[in-house]
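Structural features, examined
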Number of protein chains: 2
Amino acid sequence: MARKDFGQYCGLARALELVGERWALLIIRELLTHPSRYTDLLEDLPGIPTNVLSTRLKELEQVGIVERQVAPAPQRGVLYALTEDGQSLQSAVLTLALWGNSRLGEQQASEFVPPSSVAMAFRATFNAQAAEGLSASWEIHTAGVMLYVVITKGQLTTGIGPASPDPDLVITIRSAQMPTFQAVLKAIASGKVETNGREELLGALIEIFAPAELLASLGR
Amino acid sequence: MARKDFGQYCGLARALELVGERWALLIIRELLTHPSRYTDLLEDLPGIPTNVLSTRLKELEQVGIVERQVAPAPQRGVLYALTEDGQSLQSAVLTLALWGNSRLGEQQASEFVPPSSVAMAFRATFNAQAAEGLSASWEIHTAGVMLYVVITKGQLTTGIGPASPDPDLVITIRSAQMPTFQAVLKAIASGKVETNGREELLGALIEIFAPAELLASLGR
DNA sequence: CTGCATCCACTTTGATACTG
DNA sequence: CAGTATCAAAGTGGATGCAG
């Protein structure tokens, strides 16, 4: 373990010692959007070796970032989730992702869009002012995954999975591949979606989440 | 290089591919506070192997984060500096450092405080409101290093090195080891410093940079 | 002196196979 | 489902050498 240490009394160095290893922050991104079991993480992070996942989870658990939970009745098995300390990494993850977004370039054929990155984008672009006082919930179905966006009195929660309780509006986007966040908003803005529920809530998503550039590119 | 790729079209993954390798963000932290030559970096990042530094600098240069410059007349040699893209990593570095600060714990005897982390702390805690319209400059001398803090019409620039032009106030803190940012502010607040210049600017530093908790711990 | 390149021991990672 | 075991390949750390 001494090899990992930088020997610096510095927040950045300490952060890198704790979550700077390969795959660590991607695991944390997954857990920020949904508690996962071991095999979920293997699926969501294709390419991660099983032993590395196993090692990272142990390390992250040891330093109090990740928690093992025994899953409740219906599922059973082990669930990994973030502790409060782990959750507090969210702003750092969002800031790094924001920088990385500007250097994404064109999507390669070999690259897939992680659903959790779309959920994170909802958090990053949330316009709290536009949502002030609002309570509403959406469920977005696309490429075989489900994403929930719930706003309760202006507070956002979003992640992978079904909305609970029942969402006010279900939005279905037909797509074989997972679309990017931008593509999702574009589909919504251009009406290329199927809806089920309170359709008047469709436009609200755009108002609340579309960044200025995107609005411009949509001609609004 | 294919090994480094995560195969994800995601800002976080891309960021980690570009600056996620060992030592990379620490190099960037150094360059955020002062352009450096190769040997400066070796000194400022004790423990980094020469070949790793060399490799990182090449990689970071190749992806447009770092620039090689031929140093001007007096010094000669090669200077490494951040490009604009590199500078834009600052918010990510600050956010990560902020999280890491909360997990620093007690300083170990084997740990040193990197001067650049103190400069970064000045940026992180800068209270723009308190500095609105102000123009003033400080130079802090301690443990053999010099730190400048310059505010021009409310805009902060800070880093390692002398202030130019001449600072309004020079503050000397006697200390063998580099003190932490908190220790610097504490020394200033408690008057355990020597000054040279416009002494009335001493208190302003506290008003502008002390975070609320620190003010509380100082009994203000 | 600066700015690396080279060499070697060691560690981490990736890929695959296998087990309770 | 939730990991271990194994092994090759790549990366890292430490020391040294060397040209400009």
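Description of the structure in this document. (Residues numbered from 1 in each chain as written. Chains lettered and ligands numbered in written order. Predicted model: local features only at pLDDT ≥ 70, side-chain atom pairs only at ≥ 80, totals over all residues. Heavy atoms only, no water.)

What follows covers the protein's contact with DNA strand D. In the region of DNA strand D, 21 residues are neighbours, and A:T50, A:V78, A:Y80, B:R22 and B:R56 sit closest. If you look at DNA strand D and keep only atoms within 4 Å of the protein, 73% of those are sugar or phosphate atoms. B:R22 is positioned with one of its side-chain polar atoms (N or O) 2.5 Å from a phosphate oxygen of DNA strand D. The set of elements that each furnish at least two residues to the surface near DNA strand D consists of α3 (38-44), α4 (50-62) and β2 (78-82) of chain A together with α4 (50-62) of chain B. Here the surface near DNA strand D is composed, by residue class, of six nonpolar, eight polar and seven charged. (Near = heavy atom within 4 Å. Polar contact = N/O pair within 3.5 Å; in protein donor to acceptor, adjacent residues only side chain to side chain. Helix = DSSP H or I, 4+ residues; strand = E, 2+ residues; numbered from the N terminus. Nonpolar A, V, L, I, M, F, W, Y, C, P; charged D, E, K, R; others polar.)

Let us look at the interface of chain A and chain B. The interface is formed by 52 residues belonging to chain A together with 51 residues belonging to chain B. A salt bridge links A:D85 to B:R103; its shortest N-O distance comes to 2.8 Å. The tally of links from chain A across to chain B stands at 23 residue pairs in polar contact (both at pLDDT 80 or more). If you list the elements that add at least two residues to the side of chain A that touches chain B, you get α1 (11-19), α2 (24-33) and α6 (90-101) of chain A. (Contact = heavy atoms within 4.5 Å. Salt bridge = Lys/Arg side-chain N within 4 Å of Asp/Glu carboxyl O.)

A separate point is the protein's contact with DNA strand C. Within the structure, DNA strand C sits among 21 residues, and A:R22, A:W23, A:R56, B:V78 and B:Y80 are positioned closest to it. Considering DNA strand C, the proportion of its atoms within 4 Å of the protein that are sugar or phosphate atoms stands at 71%. Residue A:T50 places a side-chain N or O atom 3.3 Å away from a base oxygen belonging to DNA strand C. A distance of 2.9 Å separates a phosphate oxygen of DNA strand C from a polar side-chain atom of B:K58. Going through the elements one at a time, α4 of chain A together with α3 (38-44), α4 and β2 (78-82) of chain B are the ones with two or more residues in the surface near DNA strand C. Partitioned by chemical class, the residues of the surface near DNA strand C number six nonpolar, eight polar and seven charged.

Turning next to the side chain of A:E59. Residues and elements named next belong to chain A. One can find E59 in helix α4. According to the relative accessible area criterion, E59 is buried, its value standing at 18%. In contact with E59, other than residues within four places in its own chain, are K4 and E21. (Buried < 20%, exposed > 50% of the residue type's maximum accessible area, 1.4 Å probe, protein only.)

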